[in-house]
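Now for the letters of each chain:
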Amino acid sequence: MKKFLSMVMAAAMVVSLVPATAFAATGDFKATAKVIDAQNFPVDDVDSPIGGSELQLTLTTGDSLRTQDKMKFTVTLDNVKDLTDTVNYGTQIDVSDIFVLDDDGSDATSKFTVSAAEFKVTDEDEFEFTVEEKGGASSTHPQFKRGMVIGIDLSGLKMDKVTKGKTATISVDSDDATITNGDDLVFASVEAEGIEVSVKDTVDVATEEVAELKEIKIEPAVGDTFATMKGSDEIKLKLNSGFEFVVDGDTYVEGDNGTGKYNLSALQGYEYDDDEIVFEMGAYTGASVIKITGLQVEATSAKAGSTATVRVYATGNDTVSVEVAKVVDYTVSMTVDEDDDVPVIYSGVNVGNKGITDDSDHESLEVTIEESFAGAWNNSKDFTLSVPEGVYITDVVSASLEESELNGYADEKAWFEAAYEEGDYVDLTFKRRGWTETDPNGNGTASKDPAKLTFTLVLVADPNFEGDVTLKLTGDAVDEQEVTIAKFVKPYVVEAQQNDMQIDYRNTEIPTSVVIKEAEAGLWEKGTEFRLALDKISFDDEGTIKVDDKSGLEVKDDEVKTTTVDGDDAVYFVVDSRSDDEPATVTISGLQLYMDRSLPAGAYDLEMVSPEMNDPYESTVVLNGTKDKVDGENRTIADINDDFVSYTAKAGFVNIVTAGREDTDSFTTKVVVPVGESYLISGENKVEIPVPAYINAAGYTMLPLRAVAVALGINENNVLWDQTTRTATVMYGSKIINMTYGQKVVYVNGAMIPATAAVEITNDRMFLGLRDLGNALGVTDITWDAATKTATLNGNK
């Protein structure tokens, strides 16, 4: 009886799941060929029969036609002794080597016949045979069916060419069956005597640090045990330059076949000399595998990027090398999975997405912070995680700190909540000693493995925030690094132009329209209100509203209405029916203003807010109800940011221009600007400034544009900034002055004026050269005190 294999059963179970109707009864069978137990043996043992190998043909069709009750196969061999030379090599293959298994793996000789009459050795490397159903075409007798196995025992064959690396292969063909994978299957190969060495995985080690190697496994390349190897009485392990072994009481050698597990240092013939270890095989000659565990390696002088290689010698056999460790920088890294898509979240809405139909969960990508090597993360220093201004963390999910432990915190979430409080709900500041350090030597309770922190943040953002959310890691014990964890987009975009207008008291019509565009089709929920307002200016008439023809969105009552916000009139409209196939475009035209004659000249921003979206956002609790350390109340986004309630739809939407004589453009205030100081003197007043004046690399004195302009008497609202073009605009009297970062020109009322120094940006502030700023603003009386490094703009008399 031939061997019964579990994989035959598995094949039968798989194909039995396919309905019989999936196979047409064509009479052309299909079978899959594979070799079971391919043999490897040493060069000096090849005169013996191969032994153990089988070829198995598993039928993959349905039941046979009654007109087809037998199948004939032709088998071709490569690199076996001459099958026709029975005098010198004996009968290597005959009809008794053919067997049939039923679809349940049982012997099927009672149901099928391997015809002795039709078994023939037709050439020195070829034979053929026929398998037929007993009982012929009678429907009461067994039939060929899927899941059955026709097998060939190859164990009696002998290889012809027996040099190292040679293989014996088998191919099967049939006119009665289509055979998959039936060509050149290897069933025997010749290997040189020796050993095979492997490790479970390489480990990371830092320079001058120690790491424990993963299990080293040594096996005979051929044969069942080390006893079959020539002269294998000793094993030697040697490391390459820059590395040394560390052996202690936890370093063990273990063999199978009852050969036992012993401390390495207790083995007969044991020697240890930094980069070399020797021990005698002893009882392990009866083992088929030897495992070395607990062995450590130290990177004594190897640098980052180097690889530790252990060469293993077995007496009388070839040397085998295996990589066991790599040297890494002693660092802490922050990463996200680069294959994951960055989640897109809508700004100005809470986690529940009130006011819009989006169902996103506001979760960022999962972030991983981990040591390159145990002990790299110094817990004696704080570290900080920062998100951009206008982005807030409402929760942390799936937070896990592996291989390290928290000190004084109930769990990772509590740790994050405390860090957000320490960072004033803007950053996450993790205080020192909040977690335990790992240790490559495993001293005390410290882990030998690198620490790994993973977490996902739940985020919201101000209505005017859009773009990537970049998470920044900083701290004295870590290198500064950034990853992008999410992206925010606005649920609506407002398009509007600047309108230069003279005060005309009542019914002053804005000449341009305001266009509000939906970010995606069907996003705005029914009942969502959109409100427009101007600071200090009221609307005198609502104007008209028009919705595009394609989106299907409808506005309640088809009109714009007025309301009052903070004492000023505002206009609004309400969505009455959601858009359908395309995003909506809403155009508001003919808005009229009521402008008090006391309004100062200057630019006034158009602000937009959606109460249905933004009010729930205002009440969002920061990091799941973290308690404020001062008053014990839940902190909300409104507590932290007072500016979120207004979305600046268009800066300088209305620019009140008061025409006047040229002398209205002059200044009377004396402004003194000391270089390097965080203040300036405006008239008699000392004014703090965020970024001091400085002298650039080219030797020019650079003054902060906004601070100096306001100090001279220009309304702060008349100093505008366009982030897209990085252009500043100053409006004063009849002058409009433009300057762009990096350019060496200034434009006054459209006329280009060459500058001596290019416009610079330092710490997010625009700076102009002293003389260039004076020329642009029309200040001609400028003095420079080189001794005190002080610039003085005396105004115009």
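Residues numbered from 1 in each chain as written. Predicted model: local features only at pLDDT ≥ 70, side-chain atom pairs only at ≥ 80, totals over all residues. Heavy atoms only, no water.

Student: Is there a simple way to explain the layout of surface pockets in this structure?
Tutor: Rolled over the atoms, a probe with the dimensions of a water molecule shows which regions are left empty. Quantified by volume, the second largest pocket comes out at close to 480 Å³. Around the second largest pocket, the lining is made up of 22 residues, and of these Val203, Lys214, Lys448, Asp449 and Pro450 lie nearest the centre. Counting only elements with at least two residues in the lining of the second largest pocket, the list comes to strand S14 (203–206), strand S15 (210–212) and strand S29 (367–371). When residues of the lining of the second largest pocket are assigned to their parent elements, the largest contribution, three residues, is made by S15. Considered class by class, the residues forming the lining of the second largest pocket number nine nonpolar, two polar and eleven charged. (1 Å grid on protein atoms, 1.4 Å probe; cavity = no way out; pocket = protein on both sides within 12 Å on 5 of 7 lines; lining within 4 Å. Points joined across faces, edges and corners; volume = space filled by probe spheres on them. Helix = DSSP H or I, 4+ residues; strand = E, 2+ residues; numbered from the N terminus. Nonpolar A, V, L, I, M, F, W, Y, C, P; charged D, E, K, R; others polar.)

Student: How should I be thinking about the pairing of strand S59 (residues 751–754) in this particular structure?
Tutor: For a regular strand, the rule is simple: side chains alternate between the two faces of the sheet. Pairing analysis gives four bridges linking strand S58 (residues 745–748) to S59, with the strands arranged antiparallel. Its bridge partner being in S59, Val748 is matched across the sheet by Ala751. Between S58 and the antiparallel strand that follows it, S59, lie two residues; Asn749 among them carries a positive phi value of about 50°. (Pairing = 2+ DSSP bridges.)

Student: Even after reading the chapter, I still don't get the sheet that holds strand S38 (residues 508–509), so can you show me in this structure?
Tutor: Strand pairing in a sheet relies on backbone hydrogen bonds, with the paired strands running either antiparallel or parallel. Spatially, three strands are ordered S38-S47-S41 in an open sheet, and the strand pairing comes out antiparallel. The sheet is open, and its two borders are formed by S38 and strand S41 (538–541), each paired with just one other strand. In this structure, S41 lies alongside strand S47 (residues 592–594), joined through three bridges in antiparallel fashion. When the bridges of S47 are listed, Ser538 appears paired with Tyr594.

Student: Looking at this model, I keep getting lost on empty space enclosed by the protein. Mind explaining?
Tutor: Per the stated rule, a full pass over the model turns up one cavity of 30 Å³ or more. Of the voids in this model, the largest cavity is the one considered here, and its volume is about 40 Å³. If you trace the largest cavity, you find it lined by Val746, Ile753, Pro754, Ala755, Asp772, Asn775 and Ala776. Taken together, the elements giving at least two residues each to the lining of the largest cavity come down to S59 and helix H7 (770–777).

Student: How do you make sense of a negative patch on the surface when you look at a structure like this?
Tutor: Taken together, the side chains of Asp233, Glu234, Glu271, Asp273, Asp274 and Glu280 define an acidic patch exposed on the protein surface. Mapped onto the elements of the fold, Asp273 is located in the loop between strand S21 (271–272) and strand S22 (276–280). For Asp273, a relative accessible area of 53% puts it in the exposed group. (Patch = residues over 30% accessible without salt bridge, like charges linked within 9 Å, V, L, I, M, F, W, Y side chains within 5 Å. Areas by Shrake-Rupley, 256 points an atom, 1.4 Å probe, with all protein chains shown as cover. Salt bridge = Lys/Arg side-chain N within 4 Å of Asp/Glu carboxyl O. Lys, Arg positive; Asp, Glu negative; His and termini not counted. Charge placed at Lys NZ, Arg CZ, Asp CG, Glu CD. Buried < 20%, exposed > 50% of the residue type's maximum accessible area, 1.4 Å probe, protein only.)

Student: Explain the pairing of strand S48 (residues 602–609) to me, please; I cannot follow it from the model alone.
Tutor: With six of its eight residues buried, S48 lies for the most part within the structure. Pairing between strand S40 (residues 529–534) and S48: four bridges, direction antiparallel. The residue bridging Leu534 from the neighbouring strand is Leu606, located in S48.

Student: I would appreciate a short explanation of the nonpolar core in the present structure.
Tutor: For soluble globular proteins, the rule of thumb is that nonpolar side chains tend to be buried together. Formed by 44 residues in total, the largest nonpolar core has its most connected members in Ile369, Leu385, Phe455, Leu471 and Ile485. If near-sequence neighbours (up to four positions away) are discounted, Ile485 is found in contact with Val336, Val342, Pro343, Ser364, Leu365, Val367, Leu457, Leu459, Val469 and Leu471. Formed by 42 residues, the second largest nonpolar core is a distinct cluster that contains Ala206, Ile216, Ile235 and Ile277. (Core = buried A, V, L, I, M, F, W, Y, C linked by side-chain atoms within 4.5 Å. Contact = heavy atoms within 4.5 Å.)

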